[in-house]
Amino acid sequence: MSINNLYFLITRVLISLAFFYLWIGCSPYQKGGELEDIPPNVILIMSDDQGIGDFGINGNPIVQTPNIDQMARNSTSMSRFYVNAVCSPTRASLMTGRWSYRTGVMDTFKGRSIMNSEETTIAEVLRDAGYSTGLFGKWHLGDNYPYRPMDQGYETAVYHRGGGLGQPSEPVGADQRYTNPVLFRNGEQFTAKGYCADIYFSEAIEFINNSQDKKKPFFAYIASNTPHGPYHDVPEKWLDYYKGLDLENSQFPQEEGHQISGKDDLDTRARIYAMVSNLDENVGRLFGELDKMGLTENTVVIYMCDNGPNGHRYVKGFRGRKSNAWEGGVRSPFWAHWPKGFPAGTVSDALSAHVDIFPTILELCEVDQPDGFPIDGQSMVNYLKGVKSEPKDRTVILQSHRGEEPALWENATVVTQQWKLVSNGNSGIQELFDLSKDPFALVNVSHAYPDVLNDLESQYQDWLEEMRRVTPMDLPIYVGTTFEPEVVLTSQDLKEIDARKKEGEWRLKVVESGNYKIAFTIKEMKNPTTVELRIDNQLIATLPVDSAKVRYAFDPVKLSEGRSTLRVFPQGVDSRYLHAFVTKE
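Residues numbered from 1 in each chain as written. Predicted model: local features only at pLDDT ≥ 70, side-chain atom pairs only at ≥ 80, totals over all residues. Heavy atoms only, no water.

Asker: Mind showing me how you'd approach the overall build of the protein here?
Answerer: Secondary structure summary: the protein contains twelve helices and 28 strands in total. Taken against the 2.2 N^0.38 rule, which gives 25 Å for 585 residues, the C-alpha radius of gyration of the protein at 25 Å falls within 12% of a compact globule. Overall size of the protein, expressed as C-alpha extent along the three principal axes, is 85 × 80 × 50 Å. The long-range share in the protein, meaning contacts at least 24 apart out of those at least 6 apart in sequence, stands at 71%. Split by element, the accessible area of the protein, about 23,800 Å² in all, is 49% carbon and sulfur. Put simply, the protein has 59 plus and 77 minus side-chain charges, and the middle of one group is 3 Å from the middle of the other. (Helix = DSSP H or I, 4+ residues; strand = E, 2+ residues; numbered from the N terminus. Rg over C-alpha atoms; globule rule 2.2 N^0.38 Å. Contact = heavy atoms within 4.5 Å. Areas by Shrake-Rupley, 256 points an atom, 1.4 Å probe, with all protein chains shown as cover. Lys, Arg positive; Asp, Glu negative; His and termini not counted. Charge placed at Lys NZ, Arg CZ, Asp CG, Glu CD.)

And the structure:
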């Protein structure tokens, strides 16, 4: 080797070492690293059944949310941000950027909240782009393979089954606990220690630390099931605080907009506010940890709600609550905190919705949108960055109701930058409001603007026709896979056959022919009963049952590869209390 070549080689090695140590010292994913040209980390926080009025910054004089209020003041806000009136449809749109009907999600239970596994989720896209991805809390888009969070892009998933703790899908023996709840970590059941929301945030903080150790950016989706009911197990210190206050409707502002409709049980209201303040404490704790790790500057933190409030309470002057299409049922706060990129205190009134989060996060993270399914959402990045521009003329259509397929005008709303057309319930009567002049939707102007009414009705009809071409979807539960050796079936995904008898069936896809063990447990029962096993509507066996919370098993049965239906029917017992277990021998 010549002297010149040796000199060249040594120089290259020294330069490489210099770049290596520079990268180690200033890694974009190391605590306290430099921020130039580094895509952000993302934390998406979504509460459950917390209304737009459950925040001090939104005019509520009683609820204590100082940490979220401070976050909001230091954030960019989308003041006209819409979600569905119930949770699973919002969650599906959040994950995919698409109207929930396109994803197979119609409702919140009876098999109608399973999201098509072929959908591309925000977690899948970010994972493939090099992000660590984690879910903490509520998923509610499928409890079984291939619909679970870890099947849909989340490398770390700490979650509960179904729509919440205390619901029929929770494991036997969980006893509706919010304190020391039974959860799942990437499919493995465990009993956690502490209050549920505290656990979700602690798990997220540990996940963030682990991502930093790996020098990877992260996407953390923290979806607490609070303040959703049941309300028996809430943080005691906050419950004591709110029980000492006057929570009557008269204590809340009602000078503008609609009066608070109905009268909630005040003990329940105190319990809901206790859970809200616990969430607020956790938001403060999260920001404290981000500060310690030097991550606050380049971490996008978003706070929003999944639907309107779970009760008749203060909703900032709007009408309605969870499950209906009035503004109070479908409006959510949207605060996005990113010191590096978003000017604090900026407010945009551009029409925006849950479907916009998918393209927004991808643009912020400099990740291309996936090919395949069309995205219904639009990026909010320019609005969030304070770019002055006229809001785009667009239409957002939201519909949520029970049933197997989209029903004409049932609980639907059509919203533009100026107008809102709404048909609450299934009355078939549409009301039109000019939100530019009447933001609280007080005066129905449908007779004054027939052309607007006809145009929005036509847009809705076209949209509904398109949605009906893809909904309902046939999304079976897979059995016989190595990904989920024992499949647990609950009423969460039981397709209803006879509403009067509360009888239903599970629709299965048998991956491999063979002998299968089918067992069951009844969580609650008053009297001895007989349980029938039917496969493809043929009676296979019966078993007498005299004890609750005991696992009974039928003799193994032969299942053939392909589609099948399974019914495990306890006579005289509500199917909500039944869990079935399917395992291939």
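Asker: Can you help me understand the sheet that holds strand β10 (residues 331-332) in this one?
Answerer: What links the strands of a sheet is backbone hydrogen bonding, and the strands pair in either a parallel or an antiparallel sense. Read across the open sheet, the three strands follow the order β10-β3-β13; overall the sheet is mixed. Edge positions in the sheet fall to β10 and β13 (352-353), since each of these pairs with one other strand and no more. For strand β3 (residues 81-82) and β10, the ladder comprises two bridges, and the chain directions are antiparallel. Looking at β10, one finds that Y82 is bridged to R331. (Pairing = 2+ DSSP bridges.)

Asker: For this particular structure, what's the right way to read helix α3 (residues 87-96)?
Answerer: In an α-helix there are 3.6 residues to a turn, and that puts residues three or four apart on one side. With ten of ten residues buried, α3 is to be regarded as a mostly interior element. Buried within α3 we find C87, S88, P89, T90, R91, A92, S93, L94, M95 and T96. Of the residues trailing α3, G97 is marked for its positive phi of about 75 degrees. (Buried < 20%, exposed > 50% of the residue type's maximum accessible area, 1.4 Å probe, protein only.)

Asker: Which parts of the structure should I look at to understand the state of the cysteines?
Answerer: The bond known as a disulfide is covalent and runs between the sulfur atoms of two cysteines. Scanning all chains against the criterion turns up zero disulfides. The closest cysteine sulfur to the non-disulfide-bonded C87 is located on C305, 13 Å from its own sulfur. (Disulfide = S-S within 2.5 Å.)

Asker: What's the story with the nonpolar core in this structure? I'm lost.
Answerer: Nonpolar side chains in soluble globular proteins tend to be buried together. Core analysis: the largest hydrophobic core is formed by 52 residues, its most contacted members being I43, I45, I208, I222, Y242, L286 and Y303. For this core, the elements supplying multiple residues, two or more each, are β1 (41-47), α2 (66-73), α6 (196-213), β8 (218-223), α7 (236-243), α8 (266-293) and β9 (299-305). Each residue touching L286, except ones within four places of it in the same chain, is listed here: I43, I45, F201, I205, I208 and I222. (Core = buried A, V, L, I, M, F, W, Y, C linked by side-chain atoms within 4.5 Å.)

Asker: What exactly am I supposed to notice about the packing of aromatic side chains here?
Answerer: Remark: the centre distance and the inter-plane angle together describe each pair of aromatic rings, the angle taken between the planes. Evaluated as defined, the whole model comprises 29 aromatic pairs. Among the aromatic side chains, those forming a connected cluster through ring pairs are W238, Y241, Y242, F252, Y273 and Y314. The cationic tip of R185 hangs over the ring face of F190; the distance from NZ or CZ to the ring centre is 4.7 Å. Above the plane of the ring of W326 lies R319, whose end atom (NZ or CZ) is 3.7 Å from the centre. (Phe/Tyr/Trp six-rings, centres within 6.5 Å; stacked < 30°, edge-to-face > 60°. Lys NZ or Arg CZ within 6 Å of the ring centre and 35° of its normal.)

Asker: In this structure, what is going on with the confidence of the model for the protein? I would like to understand it.
Answerer: Averaged over all residues, the pLDDT of the protein is 92; the fraction at 70 or higher stands at 93%. The low-confidence segment residues 1-33 (pLDDT under 50) makes 25 contacts with residues lying over four places distant or belonging to another chain. (pLDDT = per-residue confidence, 0-100.)

Asker: I'm lost on the sheet that holds strand β7 (residues 188-191) in this one. Help?
Answerer: If you walk across this open sheet you meet the ten strands as β7-β6-β5-β4-β8-β1-β9-β11-β2-β12, and the pairing is mixed. Only two strands of the sheet have a single partner each, and these edge strands are β7 and β12 (347-348). By the bridge criterion, six bridges tie strand β4 (residues 132-138) to β8 in an arrangement that is parallel. If you follow L135 over to β8, its bridge partner there is Y221. Packed on one face of the sheet, helix α10 (residues 357-364) meets β1, β8, β9 and β11 (334-337) and runs near 170 degrees to β9. (Axes fitted to C-alpha atoms, helices over the stretch in contact; angles between N-to-C directions.)

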